[in-house]
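Below, each chain spelled out in residue letters.
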Amino acid sequence: MSPADFRCIAVSMPEAFESSHMAHPDFRVGGKIFATLGYPDKDHGMVVLPPEEQTRLVQTYPKVFSRAKGAWGLRGCT
């Protein structure tokens, strides 16, 4: 997936808008970040998932999804 594809999907979510945080484009609904481009590096993006969904995706597609390090990963950052 390209950054343009990621951005297109993110802003297609109801009420989503693009913003910026710590020099990275991010995507928000209700003022809360649900996705970020360029994290943890320029070749990746991050999405916040419910813990059960995060576990399922990480186990099913380990080459595509991984938990973010530390407490952020425990809170759904994938």
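Before reading further, recall that the structure is shown in the block above.
Cut-off values and rules
- Residues numbered from 1 in each chain as written.
- Predicted model: local features only at pLDDT ≥ 70, side-chain atom pairs only at ≥ 80, totals over all residues.
- Heavy atoms only, no water.
- Helix = DSSP H or I, 4+ residues; strand = E, 2+ residues; numbered from the N terminus.
- Buried < 20%, exposed > 50% of the residue type's maximum accessible area, 1.4 Å probe, protein only.
- Contact = heavy atoms within 4.5 Å.
- Polar contact = N/O pair within 3.5 Å; in protein donor to acceptor, adjacent residues only side chain to side chain.

Q: Tell me about the environment of Asp26, residues and numbers included.
A: Looking at the secondary structure, you find Asp26 in strand E2 (residues 24–29). Accessibility expressed as a relative area gives 0% for Asp26, which makes it buried. Separated by 48 residues in sequence, Asp26 and Leu74 have C-alpha atoms that sit 20 Å apart. Not counting residues up to four positions away in its chain, the partners in contact with Asp26 are Phe17, Glu18, Ser19, Ser20, His21, Ile33, Ala35 and Thr36. Here His21 takes part through its backbone nitrogen, which lies 3.4 Å from a polar atom of the side chain of Asp26.

The values are spatial; any link to function lies outside them.
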